[in-house]
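What follows is each chain in one-letter form.
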Amino acid sequence: MAEKKKTPQIRINGFTKDWNVGLLNQYLETSLEKNCDEVFSREDVLSVSGDYGVVNQIEFQGRSFAGASVANYGVVHTGDVVYTKSPLKENPYGIIKTNTGKPGIVSTLYAIYHPLETTYPEFVQWYFENNDRLNRYLNPLVNKGAKNDMKVSSDNALLGNVVFPEYDEQKAISDALVRIKTIILQYEAKLQKLQTLKASMLEKMFPKDGADVPEVRFKGFDKPWRTTFLKDIASEIIRTDKTSKAPIMMITAANGFIDQSDRYSFNNAGQSLAKYIVLKKGELAYNHGASKLRPYGSCFALEVDEARMPYVYHCFTISEHNPYFVSRVLNNKETEKQLRKLVTSGARMDGLLNISYEEYTTVSIQLPERDEQDRIAEYFENIENLIVLCQQELDKLQSVKKALLEKMFV
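What comes next is a walk through the structure. Everything quoted here is computed from the prediction, not taken from an experiment. (Residues numbered from 1 in each chain as written. Predicted model: local features only at pLDDT ≥ 70, side-chain atom pairs only at ≥ 80, totals over all residues. Heavy atoms only, no water.)

Turning next to empty space enclosed by the protein. Scanning the entire structure with this criterion turns up one cavity of 30 Å³ or more. There is about 40 Å³ of room inside the largest cavity. Taken together, Leu24, Leu28, Val81, Tyr83, Ile96, Tyr113, Leu138, Ala157 and Leu158 make up the lining of the largest cavity. Per-class residue counts for the lining of the largest cavity are nine nonpolar, no polar and no charged. (1 Å grid on protein atoms, 1.4 Å probe; cavity = no way out; pocket = protein on both sides within 12 Å on 5 of 7 lines; lining within 4 Å. Points joined across faces, edges and corners; volume = space filled by probe spheres on them. Nonpolar A, V, L, I, M, F, W, Y, C, P; charged D, E, K, R; others polar.)

Here you go:
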């Protein structure tokens, strides 16, 4: 049987040679350079992160964990490769990263390698970016000690087989992956800005601390917001329908209404269809379950035509007001302060806060005129749509990167 060609599934145009099978020490050599003259200080100590690679410890973690003297620390030049001999959840034998930033120093717990002339340094990091490939490489070489530490010398960590192309192809692959990584970082920054904008506007576009107008307002609106009790505008919904084929939905603090099948692979809400509340578009449901994001529950207005909700939720409709605006008021910090006072006996065994519908609707809320409600609700809907689109693009890019890390390598 002919030997299988050592070429990847996806290849950059212009490269046709088979890749080379060899030991990693054909591409890297162990560095023994120490910071004996203390050219580098505690401010130059580097750490290695699974997600971010080689980073400055102070910049990344906020402080240096080095001792008083760093004279015995190893020197890491730009382009050097660092092996971290400590386990991570997805990398039980440690991680291998290339220093693409400034030179610095690392503790003796790290192994440091210089790339040889046949090696494009960043390619080594991309090669081991795939967790399965990294773990398969290190597994035969590493013995784990009683304290979960790595029993392998710096030299012996280079004695595993790798499959590398020629230098020019190494560089071309690295450049391609750097480009997609740059685009991912741009989308991550854009997503962070949108999320920060939303959080800031949720603070500024609603009155707080006893005020009757918000800090930020659309032009043309100047009337004070009026205070009312939720019970004065809400009507409880106890509608059931055994024949309804509407999706069974639940509420999460982060994402609002989601299909229950997205969270559970089975119907966990009970067998009796009569116990589901049928909710219509624009009607609201309050999930009085505590979560880290919203410790006093979450309220959302339904955006699809119809859904079946667990009977334990408090469901209601409101009159003469924008339900999507009202749901935001009911999720803000001013409402949370009131809900905190209503919780008299903590969480029940089922995780639901001890807040009845009657108690929940005793909260007071501040409302502007309907046209201002509509403008504010539309504003946040637009931001959230942009966040969703940005997240979708980011997810696609992450999937492409993952596929390339598998198929552009042997």
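With the rule as written, the count across this model stands at 14 salt bridges. In this structure, Glu129 and Lys97 form a salt bridge, with 3.3 Å as the shortest nitrogen-oxygen distance. Taken together, the residues span a long stretch of sequence, with Glu129 in the loop between helix 2 (121–127) and helix 3 (131–138) and Lys97 in strand 7 (residues 95–98) at a distance of 32 residues. For Glu129, a relative accessible area of 18% translates into the label buried. Given a relative accessible area of 5%, Lys97 falls into the buried group. Arg239 is the partner of Glu283 in a salt bridge, and the nearest nitrogen-oxygen pair spans 3.0 Å. Taken together, the residues span a long stretch of sequence, with Glu283 in the loop between strand 17 (276–280) and strand 18 (284–287) and Arg239 in the loop between strand 14 (234–236) and strand 15 (249–252) at a distance of 44 residues. (Salt bridge = Lys/Arg side-chain N within 4 Å of Asp/Glu carboxyl O. Helix = DSSP H or I, 4+ residues; strand = E, 2+ residues; numbered from the N terminus. Buried < 20%, exposed > 50% of the residue type's maximum accessible area, 1.4 Å probe, protein only.)

Here Leu32 is to be found in the loop between strand 2 (28–30) and strand 3 (46–49). Taking the relative accessible area as the measure of exposure, Leu32 reaches 73% and is therefore exposed. Residues Leu32 and Gln61, 29 residues apart in the sequence, show an inter-C-alpha distance of 26 Å.

So, about helix 4 (residues 167–204). Taking 1.5 Å per residue as the helical rise, helix 4 with its 38 residues ought to reach 56 Å, and the 55 Å between its terminal C-alpha atoms agrees with that figure. For helix 4, the set of buried residues is Glu169, Gln170, Ala172, Ile173, Ser174, Leu177, Ile180, Ile184, Leu191, Leu194 and Met201. Buried residues along helix 4 sit in contact with helix 2, strand 12 (161–164) and helix 9 (370–407). (Expected span 1.5 Å × (residues − 1). Contact = heavy atoms within 4.5 Å.)

Viewed as axis vectors pointing N to C, helix 4 and helix 9 meet at an angle of 160 degrees, and their least axial separation amounts to 9 Å. The orientation of helix 4 relative to helix 9 falls into the category roughly antiparallel. The crossing of helix 4 and helix 9 is left-handed. Residues of the contact of helix 4 with helix 9, tallied by class, amount to 21 nonpolar, three polar and six charged. (Axes fitted to C-alpha atoms, helices over the stretch in contact; angles between N-to-C directions. Parallel < 35°, antiparallel > 145°, perpendicular 65-115°, else oblique. Left-handed = near helix turned anticlockwise from the far one by under 90°.)

Along the chain, Glu169 turns up in helix 4. Since its relative accessible area comes to 4%, Glu169 is described here as buried. Of the polar contacts made by the side chain of Glu169, one reaches the side chain of Arg11; its length is 2.8 Å. Engagement of the side chain of Glu169 in a polar contact is seen with the side chain of Trp19, the distance being 3.4 Å. (Polar contact = N/O pair within 3.5 Å; in protein donor to acceptor, adjacent residues only side chain to side chain.)

A separate point is the nonpolar core. Among the nonpolar cores identified, the biggest contains 51 residues, and Tyr83, Phe128 and Phe409 are the most heavily contacted of them. Looking at which element gives the most residues to this core, the answer is helix 9, with seven residues. The residues contacting Phe409, other than those within four sequence positions of it, are Pro8, Trp19, Phe123, Trp126, Tyr127, Arg133, Ile173, Leu177 and Leu404. Counting residues in hydrophobic clusters, the runner-up holds 33 residues, among them Tyr286, Val329, Leu330 and Val363. (Core = buried A, V, L, I, M, F, W, Y, C linked by side-chain atoms within 4.5 Å.)

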